[in-house]
Amino acid sequence: MPHVDLNGAHIHFTDSGGDGEPIVFSHGLLFSGAMYSAQVAHFQDRYRCITFDHRGQGQSGVTPDGYDLDTLTADAAALIKYLGVAPCHFVGLSMGGFVGLRLAAHHPDLLRSLTLLDTSAEPEPKENGPRYRMLNLVARWIGLWAVIGRVMPILFGQTFLNDTSRAQERKKWAKAITGNDRIGITRAVMGVIERDACADLLGRIDIPTGIGVGDEDVATIPEKSERLHAAIKGSELALFSGAGHSSSIETPDQVNALIERTIQR
C-alpha cells in the first residue's frame, strides 16, 4: 500500500486513480481511511477517490509529536500538493472535519468543495475531558481492547448497535479500532481533546459546503452542526436518520447523497 513521507510523518494513503475530479477523504478519531469504503465504492467510477490515515492512526507512522490540528491540517495540505490534486473535493468526519474547516479557511486554493460530517468548530466540552482522559490512560497502559465497550456507544448510534443484521460489521470495526497502535492513538486522542476552537474561521469559507450529522450522534450533537450551518455562507445541513457519530459507516447512502449534492453545486 502506498506511503509517503510528508511534514515529518510517514503517511499511508489509497488512490483509486482515474481522470475524474478528485475527492479526498479525512477520517475520524480511532479510525482510518477505511471508514470511507462505502463512499469510495460509490464514487470511484466517476471520481478519483483518495483516502489517507492521519499520523499515529491506521497504517500511518507514529510520530513523537505533531498531533495538534494545525499540524494535521498541514499534513493534509502536503498530501494534496504531493498528489497534485488541487483543487479537490474534501470530505471530513469528526477529526477529519476539524482538518477540513482549517484547510478551507487557510488553504482555499486547495479545495473545490467541503463536506463536513459529525464535526464541530468548537473545542471539546470541558465535561468530556476527565472521562476521555481516563479512557485514554487505560488504552495507553492496558490496551484499546480494555475500553472498546465504552467507546462503541460514543462512536455509533443505537440503531447500528442494536441491529442484529449488522453484528459482523460491529465486530469488524471494533477489531479495527483496537488494532490501532496504542501510543499513536493516545497521542491522537490528546490532540482532539486539547484542540482550540476555530469558529472565527468559518466566515472565511467560501466554497460549496455540505454539513451532515447523525440524529443519534452523542459525541458531536446535532446542534453543533446547526451552528456550523448558520456560520458558513450558503451551506446545506442534512440530518442523517438512524446514524450516530460514524455516519459514513452507519448510513452510507444518506452520506453519499449529501456528498453528491455538495460536489455538484
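Preceding this paragraph is the structure being described.
From a predicted model like this one, the values you see are computed outputs, not experimental measurements.

Caption draft 1: Representation of the state of the cysteines. According to the stated counting rule, one finds zero disulfides in the structure shown. Among the cysteines around Cys88, which has no disulfide bond, Cys49 carries the closest sulfur, lying 12 Å off. Between Cys198, a cysteine without a disulfide, and Cys88, which holds the nearest cysteine sulfur, the sulfur-to-sulfur distance is 18 Å. Under the relative-accessibility criterion, Cys198 is labelled buried at 3%.

Caption draft 2: Just helix 8 (residues 182-193), in detail. Between its first and last C-alpha atoms helix 8 spans 16 Å; for twelve residues at 1.5 Å apiece the expected length is 16 Å, and the two agree. Among the residues of helix 8, those classed as buried are Gly184, Ile185, Thr186, Ala188, Val189, Gly191, Val192 and Ile193. By the N-cap criterion, in which a side-chain oxygen at the helix start approaches the backbone nitrogen of a residue two or three places on, helix 8 is capped by Asp181, the distance to Ile183 being 2.9 Å.

Caption draft 3: Local environment of the sheet that holds strand 3 (residues 22-26). Read across the open sheet, the eight strands follow the order 1-2-4-3-5-6-7-8; overall the sheet is mixed. The strands lining the two open edges of the sheet, one partner per strand, are strand 1 (3-6) and strand 8 (236-240). Adjacent strand axes in the sheet meet at a mean angle of 25° when their direction is disregarded. Relative to strand 4 (residues 48-52), strand 2 (residues 9-15) runs antiparallel, the two being bridged by three bridges. Residue pairing across strands places Thr14 opposite Thr51, the latter belonging to strand 4. Sitting on the sheet, helix 3 (residues 95-106) touches strand 3, strand 5 (88-93) and strand 6 (111-117), and the angle it makes with strand 5 is about 140°. Each of strand 6, strand 7 (209-214) and strand 8 touches helix 9 (residues 222-231); the most contacted strand, strand 7, lies at about 170° to it.

Caption draft 4: Representation of a negative patch on the surface within the structure. Taken together, the side chains of Asp65, Asp68, Asp70 and Asp196 define an acidic patch exposed on the protein surface. On the secondary structure map, Asp65 appears in the loop between strand 4 and helix 2 (69-83).

Caption draft 5: Representation of the layout of surface pockets within the structure. Empty space within the largest pocket amounts to approximately 220 Å³. Along the walls of the largest pocket sit 14 residues, with Asp68, Leu69, Asp70, Arg102 and Asp196 positioned nearest its centre. A breakdown of the residues in the lining of the largest pocket according to their chemical character gives six nonpolar, two polar and six charged.

Caption draft 6: Quick look at the environment of Pro64. The residue Pro64 is located in the loop between strand 4 and helix 2 in this model. Accessibility expressed as a relative area gives 68% for Pro64, which makes it exposed. Remark: the alpha-carbon pair of Pro64 and Gly184, spanning 120 residues in sequence, is separated by 8.5 Å.

Scoring rules and cut-offs
Residues numbered from 1 in each chain as written. Predicted model: local features only at pLDDT ≥ 70, side-chain atom pairs only at ≥ 80, totals over all residues. Heavy atoms only, no water. Disulfide = S-S within 2.5 Å. Buried < 20%, exposed > 50% of the residue type's maximum accessible area, 1.4 Å probe, protein only. Helix = DSSP H or I, 4+ residues; strand = E, 2+ residues; numbered from the N terminus. Expected span 1.5 Å × (residues − 1). Polar contact = N/O pair within 3.5 Å; in protein donor to acceptor, adjacent residues only side chain to side chain. Pairing = 2+ DSSP bridges. Axes fitted to C-alpha atoms, helices over the stretch in contact; angles between N-to-C directions. Contact = heavy atoms within 4.5 Å. Patch = residues over 30% accessible without salt bridge, like charges linked within 9 Å, V, L, I, M, F, W, Y side chains within 5 Å. Areas by Shrake-Rupley, 256 points an atom, 1.4 Å probe, with all protein chains shown as cover. Salt bridge = Lys/Arg side-chain N within 4 Å of Asp/Glu carboxyl O. Lys, Arg positive; Asp, Glu negative; His and termini not counted. Charge placed at Lys NZ, Arg CZ, Asp CG, Glu CD. 1 Å grid on protein atoms, 1.4 Å probe; cavity = no way out; pocket = protein on both sides within 12 Å on 5 of 7 lines; lining within 4 Å. Points joined across faces, edges and corners; volume = space filled by probe spheres on them. Nonpolar A, V, L, I, M, F, W, Y, C, P; charged D, E, K, R; others polar.

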